[in-house]
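# Structure assessment
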Amino acid sequence: MSRMRKRPVVAMPSAEEDRAIIAAAQSDSEAKPLTPKQLKAMVPLRSIRGRPRSPNRKLLVSVRYSPEVVAYFKATGEGWQSRMDGVLRAYVERRSRRV
C-alpha cells in the first residue's frame, strides 16, 4: 500500500536546466526582473491566506435559540448573525447601565 504525501515532491532543476531557464528568462523582452522594493514586499502565501484578524475577537459558542427567533433573524437576509449579535450587545449595554 502506498503512502499519500501531504505535499507533492518538488523536483529541482539540474544546474544545466537552471542555466537554460535563466537564459530564457533574460532573453524575454517582456519579462522584467523584480526590483528590490518588489522583492521586499513579497510575503509567503501562507501568511496572507484566510480572513484578516479582527481587533475584537469573537468567541465560538454553541447556543440553542427558539425556531421563531432564528427564523426572524434569517428572514432579515445576509448578515443575520451580526444583527443578532448587535441586538444582544445592545441588551448587555442597557443592562450594564442599570448596575
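Owing to the predicted nature of the structure, the values given are computational and were not obtained by experimental measurement.

Rules behind the numbers
- Residues numbered from 1 in each chain as written.
- Predicted model: local features only at pLDDT ≥ 70, side-chain atom pairs only at ≥ 80, totals over all residues.
- Heavy atoms only, no water.
- Phe/Tyr/Trp six-rings, centres within 6.5 Å; stacked < 30°, edge-to-face > 60°.
- Buried < 20%, exposed > 50% of the residue type's maximum accessible area, 1.4 Å probe, protein only.
- Helix = DSSP H or I, 4+ residues; strand = E, 2+ residues; numbered from the N terminus.
- Contact = heavy atoms within 4.5 Å.
- Patch = residues over 30% accessible without salt bridge, like charges linked within 9 Å, V, L, I, M, F, W, Y side chains within 5 Å.
- Areas by Shrake-Rupley, 256 points an atom, 1.4 Å probe, with all protein chains shown as cover.
- Salt bridge = Lys/Arg side-chain N within 4 Å of Asp/Glu carboxyl O.
- Axes fitted to C-alpha atoms, helices over the stretch in contact; angles between N-to-C directions.
- Left-handed = near helix turned anticlockwise from the far one by under 90°.
- pLDDT = per-residue confidence, 0-100.

## Considering the packing of aromatic side chains
- One pass over the full model with this rule turns up one aromatic pair.
- Their ring planes at 90° and their centres at 5.3 Å tell us that tyrosine 72 and phenylalanine 73 sit as a pair that is edge-to-face.
- By relative accessible area, which is 12% here, phenylalanine 73 ends up buried.

## Section: the environment of proline 13
- When you line up the elements, proline 13 lands in the segment before α1 (15-27).
- The spatial distance from the C-alpha of proline 13 to the C-alpha of lysine 40 is 25 Å, given a sequence separation of 27 residues.
- When near neighbours in sequence (up to four residues on either side) are disregarded, proline 13 contacts Asp18 and Ile21.

## Focus on a nonpolar patch on the surface
- Taken together, the side chains of Leu59, Val61, Val63, Tyr65, Val69 and Leu88 make up a nonpolar region of the molecular surface, amounting to roughly 570 Å² of accessible area.
- On the secondary structure map, leucine 88 appears in helix α4 (residues 80-98).
- Residue classification places leucine 88 among the partly exposed residues on the basis of a relative accessible area of 41%.

## Quick notes on the packing of helix α3 (residues 67-75) against α4
- Look at α3 against α4: their axes get within 8 Å of each other, and the N-to-C directions meet at 120°. Where α3 crosses over α4, the two elements pack in a sense that is right-handed. Only Trp80, Arg83, Met84 and Val87 of α4 make contact with α3, whose side of the interface consists of Val69, Val70, Phe73 and Lys74.

## A word on the confidence of the model for the protein
- Residues at a pLDDT of 70 or more form 92% of the protein, whose mean pLDDT is 87.
- Across the protein, the secondary-structure element scoring lowest on mean pLDDT is helix α2 (residues 36-41), at 89, and the one scoring highest is α3, at 96.

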